[in-house]
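Next come the chains, spelled out residue by residue.
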Amino acid sequence: MTAARSPNRPKRLICNAFFLTVHVTDGQWSHSKYRLSYGHRTDIRMATVKLTNDVVKALEAPEQGNRILYDSDEAGFGIRITASGTKSFILNYRTTSGRERRYTIGTTSTWSLSSARKRAEDLKRRIRSEHYDPLEELERRRADVKMNELCDMFIKEHLPKKADATQRDYKQIIDTYIRPKLKHEPVAELQFRQVNDLFHQITAKGKRTTANRTMSVLSKMFSEAQKRGWASHNPTKGVEKNDEVKRERFLDADELERLLDALAKLEDQEAANIFRLILLTGARKTEVLAVTWDMFDLKLGTWTKPSHHTKQKKTHKVPLSAPARQLLAEIRDAAGGDRGDYVFPARFASTKESTKKPKPYRTNVKNQWAAVLKAAKLEDLHIHDLRHSFASFLVAEGMSLPLIGRLLGHTQAATTHRYAHLALDPLRAAAERVGSLVTPKGGETNVIPLRKDSQ
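**Some remarks on helix α6 (residues 192–204)**
Part 1: Compared with an ideal rise of 1.5 Å per residue, which puts 13 residues at 18 Å, α6 spans 18 Å between its outermost C-alpha atoms and is within 8% of the ideal.
Part 2: Along α6, the residues that are buried comprise Gln 194, Val 195, Asn 196, Leu 198, Phe 199, Ile 202 and Thr 203.
Part 3: The inward-facing, buried residues of α6 contact α5 (164–182) and α7 (208–227).
Part 4: Once α6 finishes, Gly 206 follows within two positions and takes phi at roughly 85°, a positive value.

Set out below in structure tokens:
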């Protein structure tokens, strides 16, 4: 005689290439207790369970292919997970002609469970009442969308999330390289060959770094296109980018002296103070230009950069040296009662037609920097090199790379590692110091050359 099954005993649903174990209490699904696991039996066609946020979160990726779990409340609605771990909401439906189709609503990173279920309900209603075929429309839409439209969408919807400088750089790449070459191409049909040809054309002009950046922008554009169902692939995948040599330009002692002399003689002393503050703090140019007085505590000697002000989008608090505090105090005293929120406020409205929303602070000091370089007789020195020079001065003083990284606001150690070779000089000096201590006074130092062992 077979023993009766306990009403609270976990039940296993054997389904298409995997099985699901859930706990059932008094005939109800218990969402707080369930376990998802995979097997290889195929006793029923598909698994259904009431999809909840916890169920979606607990889904584990299969070893290969993909798996689908359907919602017990909304027929045809489900979630698919691939071997790579990507989870997407889907809808299975039949057209009025009886053709069974599967439509991907979107990934869990862009759709919440509730919004995806609502989308499925709306689609099913249109399928029944309007003889609508969402997959057919998507395929037709894909054929209609051209690269020019993708460029417009990316600039309008994606770029505003980026920093001002990044927006400017991306738009320049799109308008100079991507749009002129590819604007009439259907997004869904753009091939690797076309993208690779564009990459090599830019590289052939000697713009190796620009070619790399163009591929990065294109890749981001196609990520957005895939979210909207405009493309099913990313044609930039597989492009072998050019090797890049990180720019290394640091001021030596003589160049620093000439630079300071030129700054002292510059007619526009506000611009000179911008360059001085970058040199004294190692801050980025954009951080200095847009800085406000409330970010500084001159009494404590700190500069607190809010998350929206930094490249890494994190609050960054750094100490101010005595010369930096003195410089800021002089700027504050010179402003007197006219001092506003910004340390370097805009003095006049921009005359550029392209400037839609003028900034309340100075944004352009290119001409002033060119004048400084000419007066100081300095070549190939960018404003950003002042930041690199700040780091090089710290290295020369024997400061550790992690400490320098914290001052510069680096989030990854690899970014600061570019200064590692500069750290050899203080290390060498320290080693020589030890050598002088252990070498007998008046004695000669015997240098023993390294040689290979005799054969």
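That was the structure; now back to the text.
**What to know about the packing of aromatic side chains**
Part 1: Under the definition given, this model contains six aromatic pairs.
Part 2: An angle of 40° between the planes, with centres 5.4 Å apart, marks the rings of Tyr 342 and Tyr 361 as tilted. Of this pair, Tyr 342 sits in the loop between α11 (322–335) and α12 (366–376) while Tyr 361 sits in the loop between α11 and α12, placing them 19 residues apart in sequence.
Part 3: Within the aromatic cluster, the residues linked to one another by ring pairs are Trp 293, Phe 296 and Trp 303.
Part 4: Arg 126 extends its terminal NZ or CZ atom over the ring of Tyr 132, reaching a point 3.8 Å from the ring centre.
Part 5: Its guanidinium or amino end placed over the ring of Trp 303, Lys 305 lies 4.5 Å from that ring's centre, counting from NZ or CZ.

**A closer look at the sheet that holds strand β10 (residues 302–305)**
Part 1: Here three strands make up an open sheet; going across it, the order is β9-β10-β11 and the pairing antiparallel. The strands lining the two open edges of the sheet, one partner per strand, are β9 (296–297) and β11 (316–319).
Part 2: Inspection of the sheet shows β9 paired to β10 by two bridges, in the antiparallel sense. By the bridge assignment for β10, Phe 296 is matched with Trp 303.

**Section: the packing of α5 against α6**
Geometrically, a packed helix pair is captured by the angle between its two axes and the distance between the axes.
Part 1: Packing of α5 against α6 leaves a shortest axis separation of 11 Å and a crossing angle of 135°. When the axes of α5 and α6 are compared, the pair comes out oblique. Relative to α6, α5 is oriented so that their crossing is right-handed. Packed against α5, whose contacting residues are Tyr 177, Lys 181 and Leu 182, the element α6 presents Leu 198, Gln 201 and Ile 202 at the interface.
Part 2: Class assignment of the residues belonging to the contact of α5 with α6 gives a composition of four nonpolar, one polar and one charged.

Procedures and definitions
- Residues numbered from 1 in each chain as written.
- Predicted model: local features only at pLDDT ≥ 70, side-chain atom pairs only at ≥ 80, totals over all residues.
- Heavy atoms only, no water.
- Helix = DSSP H or I, 4+ residues; strand = E, 2+ residues; numbered from the N terminus.
- Expected span 1.5 Å × (residues − 1).
- Buried < 20%, exposed > 50% of the residue type's maximum accessible area, 1.4 Å probe, protein only.
- Contact = heavy atoms within 4.5 Å.
- Phe/Tyr/Trp six-rings, centres within 6.5 Å; stacked < 30°, edge-to-face > 60°.
- Lys NZ or Arg CZ within 6 Å of the ring centre and 35° of its normal.
- Pairing = 2+ DSSP bridges.
- Axes fitted to C-alpha atoms, helices over the stretch in contact; angles between N-to-C directions.
- Parallel < 35°, antiparallel > 145°, perpendicular 65-115°, else oblique.
- Left-handed = near helix turned anticlockwise from the far one by under 90°.
- Nonpolar A, V, L, I, M, F, W, Y, C, P; charged D, E, K, R; others polar.

Coordinates in, geometry out; function isn't part of it.
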